[in-house]
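Reading the structure
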Amino acid sequence: MNATQDEQPTQAQRPRAAYAMMFALRGVTVASSLVSVPVMGRLLLPEDYGVAAMVGTALGLAVVIRDLGLSIATIQMKSLSEDDFGMLFWANALSTALFSVLLLASAGPVSRFYGHPEIASYMLVSVLGLAVGGLTNQHKALLQRSMMFRSIMVAESAGLCCGLAAAISIALLTDGPLALVISYPVQAIVSGALALRAAPRMRLPLPPLRALRRLASVSGNMTAFNVATFVSNGLGQALVGSFLGAASLGYFNRAFTVAQMPGANMIEPMARVLHPVLARDADDPASYRDRYLRYSLRLSGVLLTVAAILPFISESLMRVLVGPDWVSGAGVLAWFAPAIAAQSLAGSVGLALVTQGRLGELRNWGVAEAVLRGTGTAFGLYLGGVHGAAAGYALCSLLVCMPAAVWLVGRQGPVSQSDQYRQLVPAVLMAGAAAAGCMACRALWNPDPSFLNLAVTSACGLLPSAIMASLLPSTRVDVRSVAGEVASRLGAVAARIPAPAARP
């Protein structure tokens, strides 16, 4: 590769292609979840999920610290020389080695804390995924910087599929938490190998010590934010597991995972495409504001609609996804609906602050959010057990964290508070239409079995929401664009179908 990697990426002029690749990746993720959740839920017990979640707490913390925010530096640098990339790679390799050793050392104390000796051996398996993922992290960031989203999609999709195959195979053979733990290292090895193969070739010169010191500000702020976010999302699971046991943690973990899926399936693919684009638009406030608000509008429309429908389908969703043994977690899942709604605005605060270079504020926000959500979760756990923990987390996210996030993003920069709240109005109307449709369905017809109930109730919520979106001027363009894209894809598929041969 040339000494400087600052050329305008080809796909920057074709954002639809970039979005298509990332949403295709999310499609693979959703498909793997639709296979994994019901299959693994029927092969394993809630206690197995609880033990795996205990392992995941320590592993997840090591993963978020391991990066030190260095992938953000790779994506956002105005130009990236081989010396810069070498500095970032070796810093990442050093941090990966350090945290892999720390994870190994923590295996014994973590297993004693939870009272499950087998956790130590599962953590040894997880270290392999941590090490491989860290050593390939910079090459994945280089792919994102270069807008090579097709390569990202192929690498991560292959990793997901191989991880899923390994998990199901182990579950069929051993019936234990190892089936849930093994998927991460397998996924990291496969996706990392493919990312290394696809990434632009760059030398990896060893940097001088003073060059590593230049990264201290970026890596310190991003690491603090990542750790705080991890604590914010994981404290509830740690508290539930510690005070209520593995079974309650299994219910909480599955409900939390399902509730995170809508936000992850929207926020991650769009943010990965927009991150390098918004970073380049930082000097053009009008373009930045327009892109960010269009992103916010689409995000809030989908997430508020999902949040409005979820309480009506939580029981049938748990029955369909993981089986009747998990119905006790339906109430926990329903309580996470406000947290999904909160992501409509709060979910993009990190993207805004990172691309505007406000890393100190991002660090402070992460700490404040962790304290607020942790307090809400602990208070709810004290009052109402596992259901109270979910309620405390979700209500604090919606009523406290979301307004605070809007204020923080709007206090400076091209996007104001009023801009963000204006984009929320169409989404609120869409969510209201969805809730009304679900209530009408329940009042007129409450079908059984669970799969039919899930399909009919979801349709009765989604259809009024889509109609409302098509009537509102601010969302009508997106509805027409999606409908046109679907029609175009269907037409292309139909054109490939050979015509029947004429009869002689």
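With that settled, the discussion passes to the overall build of the protein. The helix and strand tally for the protein stands at 20 helices and zero strands. Relative to its 504 residues, the protein shows a buried fraction of 53%. If you take every contact in the protein between residues at least 6 apart in sequence, the share linking residues at least 24 apart comes to 82%.

Orientation of helix α18 (residues 417-444) relative to helix α19 (residues 450-471), taken along the N-to-C sense of each, is 145°, at an axis distance of 7 Å. Where α18 crosses over α19, the handedness of that crossing is right-handed. Two secondary-structure elements touch here, α18 through L429, M430, A433, A434, G437, C438, C441 and R442 and α19 through N453, V456, T457, C460, G461, P464, S465, M468 and A469. In terms of residue class, the contact of α18 with α19 is made up of 11 nonpolar, five polar and one charged.

A complete count under the given rule lists eight aromatic pairs for this structure. Taking 6.4 Å as the distance between ring centres and 5° as the angle between the ring planes, the aromatic pair formed by F252 and F256 counts as stacked. Here F252 pairs with F256, and both are found in helix α12 (residues 246-280), just four residues apart, close to one helical turn. With respect to burial, F252 and F256 carry one shared label: buried. Ring geometry for F256 and Y393: centres 5.6 Å apart, planes at 80°, overall edge-to-face. One end of the pair, F256, is in helix α12; the other, Y393, is in helix α17 (residues 359-410), with 137 residues separating them in the sequence. Classification of Y393 by relative accessible area gives buried; the value is 4%. Through a chain of ring-to-ring contacts, the aromatic side chains of F252, F256, F336 and Y393 assemble into a single cluster.

This brings us to a nonpolar patch on the surface. Side chains of W335, L372, L395, L399 and V400 sit close together on the surface and give an oily, nonpolar patch of about 430 Å² of accessible area. Counting residues per element, the nonpolar patch draws most heavily on α17, at four residues. Inspection of the secondary structure puts L395 in helix α17.

Turning our attention to the state of the cysteines. Scanning all chains against the criterion turns up zero disulfides. For the unlinked cysteine C161, the closest cysteine sulfur is that of C162, found at 6.9 Å. Looking at C162, the relative accessible area reads 33%, which means it is partly exposed.

To continue, consider the packing of helix α4 (residues 82-114) against helix α6 (residues 137-145). Viewed as axis vectors pointing N to C, α4 and α6 meet at an angle of 140°, and their least axial separation amounts to 9 Å. Relative to α6, the element α4 lies oblique. Here α4 contributes F85, L88, F89 and N92 to the contact with α6, which in turn contributes N137, Q138, H139 and L142. Looking at the contact of α4 with α6, its residues break down into four nonpolar, four polar and no charged.

What the rule picks out here adds up to seven salt bridges. In this structure, R373 engages E369 in a salt bridge whose closest nitrogen and oxygen atoms are separated by 3.6 Å. With R373 and E369 both in helix α17 and four residues apart, this pair spans about one turn of that helix. Of the two residues examined, R373 and E369, each falls in the buried class. A salt bridge links D419 to R422, with the shortest nitrogen-to-oxygen separation between them at 2.5 Å. Here D419 and its partner R422 are both found in helix α18, three residues apart, which amounts to about one turn of the helix. Salt bridges linked by common partners bring R289, D419 and R422 together as one network.

Here S465 is to be found in helix α19. Take S465: its relative accessible area is 4%, and that puts it in the buried class. Ignoring sequence-local partners within four residues, the contact set of S465 consists of T305, M430, A433 and A434.

Let us look at helix α15 (residues 337-346). In terms of residue burial, α15 counts as a mostly covered element, since 10 of its 10 residues are buried. Where α15 is concerned, the buried positions are A337, P338, A339, I340, A341, A342, Q343, S344, L345 and A346. Buried residues along α15 sit against α12, α13 (285-322), α14 (330-335), α16 (349-355), α17 and α18.

Checked against the element boundaries, A282 lands in the loop between α12 and α13. Expressed as a C-alpha distance, the spacing of A282 and Q356, which sit 74 residues apart in the sequence, is 6.2 Å. Discounting chain neighbours no more than four positions away, the residues touching A282 are Y288 and T355.

As a further point, take the confidence of the model for the protein. Looking at the protein, pLDDT values average 80 and 87% of them are 70 or higher. Across residues 1-13, where pLDDT falls below 50, the model places 30 contacts with residues more than four positions away in sequence or in other chains.

Inspection of the secondary structure puts N92 in helix α4. At a separation of 3.1 Å, a polar atom in the side chain of N92 contacts the side chain of Q138. Discounting chain neighbours no more than four positions away, the residues touching N92 are R66, D67, L70, G134, N137 and Q138.

Here we come to the environment of R289. Examined against the element boundaries, R289 turns out to sit in helix α13. Residue classification places R289 among the partly exposed residues on the basis of a relative accessible area of 33%. Put simply, R289 and G413 are 124 residues apart on the chain and 9.0 Å apart in space, counted from C-alpha to C-alpha. When sequence neighbours within four positions are dropped, the list of residues in contact with R289 reads P414, V415, D419 and R422. One polar contact links R289 to D419, side chain to side chain, over a distance of 2.8 Å.

What counts and what doesn't
- Residues numbered from 1 in each chain as written.
- Predicted model: local features only at pLDDT ≥ 70, side-chain atom pairs only at ≥ 80, totals over all residues.
- Heavy atoms only, no water.
- Helix = DSSP H or I, 4+ residues; strand = E, 2+ residues; numbered from the N terminus.
- Buried < 20%, exposed > 50% of the residue type's maximum accessible area, 1.4 Å probe, protein only.
- Contact = heavy atoms within 4.5 Å.
- Axes fitted to C-alpha atoms, helices over the stretch in contact; angles between N-to-C directions.
- Left-handed = near helix turned anticlockwise from the far one by under 90°.
- Nonpolar A, V, L, I, M, F, W, Y, C, P; charged D, E, K, R; others polar.
- Phe/Tyr/Trp six-rings, centres within 6.5 Å; stacked < 30°, edge-to-face > 60°.
- Patch = residues over 30% accessible without salt bridge, like charges linked within 9 Å, V, L, I, M, F, W, Y side chains within 5 Å.
- Areas by Shrake-Rupley, 256 points an atom, 1.4 Å probe, with all protein chains shown as cover.
- Salt bridge = Lys/Arg side-chain N within 4 Å of Asp/Glu carboxyl O.
- Disulfide = S-S within 2.5 Å.
- Parallel < 35°, antiparallel > 145°, perpendicular 65-115°, else oblique.
- pLDDT = per-residue confidence, 0-100.
- Polar contact = N/O pair within 3.5 Å; in protein donor to acceptor, adjacent residues only side chain to side chain.

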